[in-house]
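In case you want the letters, here they are:
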Amino acid sequence: MPYDFSGQVVVITGSGGGLGRAHALAFARRGAMLVINDFGGTRDGGDSRQNTSQNMAEKVVREITDQGGRAIANAGNVTSEPDMQAMVDQAMSAFGRIDVLVNNAGILRDKTFVKMDLPDFRTVIEVHLIGSVIATRAVLPVMQQQEYGRIVMTTSSSGLYGNFGQSNYGAAKMGLVGLINTLKLELFKSGIRVNGLAPVAATRMTDDIMPPQMLELLSPESVSPAVLYLCGKQAPTGEIITAGAGTFAKAQIVESDGVFLGAEATPEMIAESWNDLADMTTAKPYKQGSDQSQKFVVNAFENKG
Ligand code: NAI
């Protein structure tokens, strides 16, 4: 079986339900040993500790062990460095290595931007973006030592394309794309591949924002094959897969060739050139930001004098 995870250890944050649980079960069916992390709580991130946090993670652990798999539960909060370090220590003492980290934990606090309080903006950034940073920093020394690792960041169409009422969430999710873009460069030499997943699935996050007929098609299980693909031995790096209801696609940032208007360019010249400047028929992605700078300098040099 090409996507066999036997002997591999997979850590998934927020995997006590929804998409994380589906990913965990899919990895377990293919032989992986799982660390099921979930802080518990409500969809907006409230009410966590007194709730069923450990139970959520333990329930998924039981599902895996009942099917003959191996898994341990962790109730750490992704926004806490000590919690994430403790999760890594727990994984290392139970299984001795960490091959995969899926940053999946998340919350929602939707409101239009003008009505949103700063704490709600900050908290959503803190869980999705900083939480993924903290969990990634915690596993990195282990992956670097192994010279092997697969990391998935869970982004969203709300970040890639926008979604009414989700400025906090969209900003956090696009922040993760920026993180992927640099980590793919910095970690490649250590054998660590970093990719993104933009899922759509029927979970508690979406159960009141989509009609039941749509939700029926959007099982979390239909997304998980994308995560397994991104965590395989032959995984790409720096890619974003979008996935939902059985469709899988690639999302990418591209830039048009542009027009050279010179150092004396005016807004009027930009308005006149808009159709050429914004012609996306030959648009391309860049491997890194400096490739774009190079285009600017080459254009200026070629048009000099
Ligand atoms: P979910 O609410 O079922 O799962 C998120 C899990 O994260 C929950 O079990 C929650 O207890 C846990 N969690 C929240 N804060 C945590 C923290 N600080 N530390 C540890 N665990 C924490 O929702 P769903 O839909 O499964 O979401 C999974 C990921 O997929 C999220 O990152 C979400 O933003 C993303 N996503 C989901 C989409 C969808 O259509 N369901 C669309 C786009 C992205």
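Residues numbered from 1 in each chain as written. Predicted model: local features only at pLDDT ≥ 70, side-chain atom pairs only at ≥ 80, totals over all residues. Heavy atoms only, no water.

Caption draft 1: Highlighting the packing of aromatic side chains. Here the structure, examined in full by the defined rule, presents three aromatic pairs. Their ring planes at 40° and their centres at 6.2 Å tell us that Tyr-3 and Tyr-229 sit as a pair that is tilted. Here Tyr-3, found in the segment before β1 (9-12), pairs with Tyr-229, found in helix α8 (residues 224-230); they are 226 residues apart in sequence, far enough to count as distant. With relative accessibility at 25%, the residue Tyr-3 sits in the partly exposed group. Ring centres 6.1 Å apart and planes at 80° place the aromatic pair Phe-113 and Phe-121 in the edge-to-face group. Residue class for Phe-113 comes out exposed when judged on its relative accessible area of 56%. (Phe/Tyr/Trp six-rings, centres within 6.5 Å; stacked < 30°, edge-to-face > 60°. Helix = DSSP H or I, 4+ residues; strand = E, 2+ residues; numbered from the N terminus. Buried < 20%, exposed > 50% of the residue type's maximum accessible area, 1.4 Å probe, protein only.)

Caption draft 2: Spatial organisation of the domain arrangement of the protein. Considered domain by domain, the protein is made up of domain 1 (9-251) and domain 2 (254-305). For domain 1 versus domain 2, the separation of C-alpha centres amounts to 37 Å. (Domains from an automatic or database assignment.)

Caption draft 3: Quick peek at the site of the ligand. In the vicinity of the ligand there are 29 residues, among which Leu-19, Asp-38, Asn-77, Tyr-169 and Thr-203 approach most closely. Between the ligand and Asp-38, the relevant distance is 2.5 Å, taken from an oxygen atom to a side-chain nitrogen or oxygen of the residue. Note that an oxygen atom of the ligand is positioned 3.4 Å from one of the backbone N or O atoms of Gly-106. Contact with the protein chains hides 96% of the accessible area of the ligand, taken as 820 Å² for the molecule alone. Among the elements of the structure, α1 (18-29), α4 (118-146) and α6 (167-187) are those that each provide at least two residues to the shell around the ligand. (Near = heavy atom within 4 Å. Polar contact = N/O pair within 3.5 Å; in protein donor to acceptor, adjacent residues only side chain to side chain. Areas by Shrake-Rupley, 256 points an atom, 1.4 Å probe, with all protein chains shown as cover.)

Caption draft 4: Seen up close, the sheet that holds strand β6 (residues 192-199). Spatially, β3-β2-β1-β4-β5-β6-β7-β8 is the arrangement adopted by the eight strands of the open sheet, whose pairing is mixed. Single-partner strands in this sheet number two, and they are β3 (70-74) and β8 (247-251). Direction aside, the axes of adjacent strands within the sheet are offset by 20° on average. Note that β1 and strand β4 (residues 100-103) share three bridges and pair parallel. Across the sheet, residue Val-11 finds its bridge partner in β4, namely Leu-101. (Pairing = 2+ DSSP bridges. Axes fitted to C-alpha atoms, helices over the stretch in contact; angles between N-to-C directions.)

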